[in-house]
Amino acid sequence: MSVAGAQVGAALADPNESVLAGLMIEGERAILASGGDDGAVLFTDARVIVAEQVGIMSKRLAVKAFRRDYVFGYGIDPDKAVTLTLHGHFGLAALVFDPGFDPMLLSQWLGET
């Protein structure tokens, strides 16, 4: 269940305002969120939840969630569009943020993973 190149938009000022916040379970805490027209991501203290656009003609979003403790490595490519690649028991999850995204925003979540 991997994610390949999900366009997850720009950082949100309040991660609790994410379109994905309704998927959090009781007691789960939002740490960082981003969103855009083509997808979104929500990093919590327990999981990473990704919504990516699927289909050629439709604007459907496929949602996938990965347990944080299943992530065993990551890579960041801070080019014009920051790409975060998570490596885990789920395979690979490549998340592409909008240009101008500050990769240092990921430091808290990645540092605790």
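Fair warning: this is a prediction, and the values are worked out from it, not measured in the lab. (Residues numbered from 1 in each chain as written. Predicted model: local features only at pLDDT ≥ 70, side-chain atom pairs only at ≥ 80, totals over all residues. Heavy atoms only, no water.)

Caption draft 1: Here's a closer look at the environment of Glu17. Looking at the secondary structure, you find Glu17 in the loop between strand E1 (3-11) and strand E2 (30-35). Residue classification places Glu17 among the exposed residues on the basis of a relative accessible area of 61%. Remark: the alpha-carbon pair of Glu17 and Arg68, spanning 51 residues in sequence, is separated by 21 Å. (Helix = DSSP H or I, 4+ residues; strand = E, 2+ residues; numbered from the N terminus. Buried < 20%, exposed > 50% of the residue type's maximum accessible area, 1.4 Å probe, protein only.)

Caption draft 2: Spotlight on the nonpolar core. If you look at the biggest cluster of nonpolar residues, it comprises 22 residues, and the most contacted ones within it are Phe43, Val50, Leu86, Leu95 and Phe97. Every element with two or more residues in this core is listed here: E1, E2, strand E3 (39-44), strand E4 (47-54), strand E7 (83-88), strand E8 (91-97) and helix H1 (107-111). Leaving out residues up to four positions away in the same chain, Val50 has contacts with Val3, Ala6, Val8, Ala40, Val41, Ala62, Val63, Lys64, Phe66 and Leu95. Of all hydrophobic cores here, the second largest spans 9 residues; its members include Leu20, Met24, Ala40 and Ala51. (Core = buried A, V, L, I, M, F, W, Y, C linked by side-chain atoms within 4.5 Å. Contact = heavy atoms within 4.5 Å.)

Caption draft 3: Spotlight on the pattern of salt bridges. In this structure the tally under the stated criterion is 4 salt bridges. With a closest N to O distance of 2.8 Å, Arg67 and Asp69 form a salt bridge. Taking relative accessible area as the criterion, Arg67 reaches 41% and is therefore assigned partly exposed. With relative accessibility at 53%, the residue Asp69 sits in the exposed group. The shortest N-O distance in the salt bridge between Arg68 and Glu112 comes to 3.3 Å. Of this pair, Arg68 sits in the loop between strand E5 (60-67) and strand E6 (71-77) while Glu112 sits in the segment after H1, and the two are 44 residues apart along the sequence. We classify Arg68 as buried; its relative accessible area is 8%. (Salt bridge = Lys/Arg side-chain N within 4 Å of Asp/Glu carboxyl O.)

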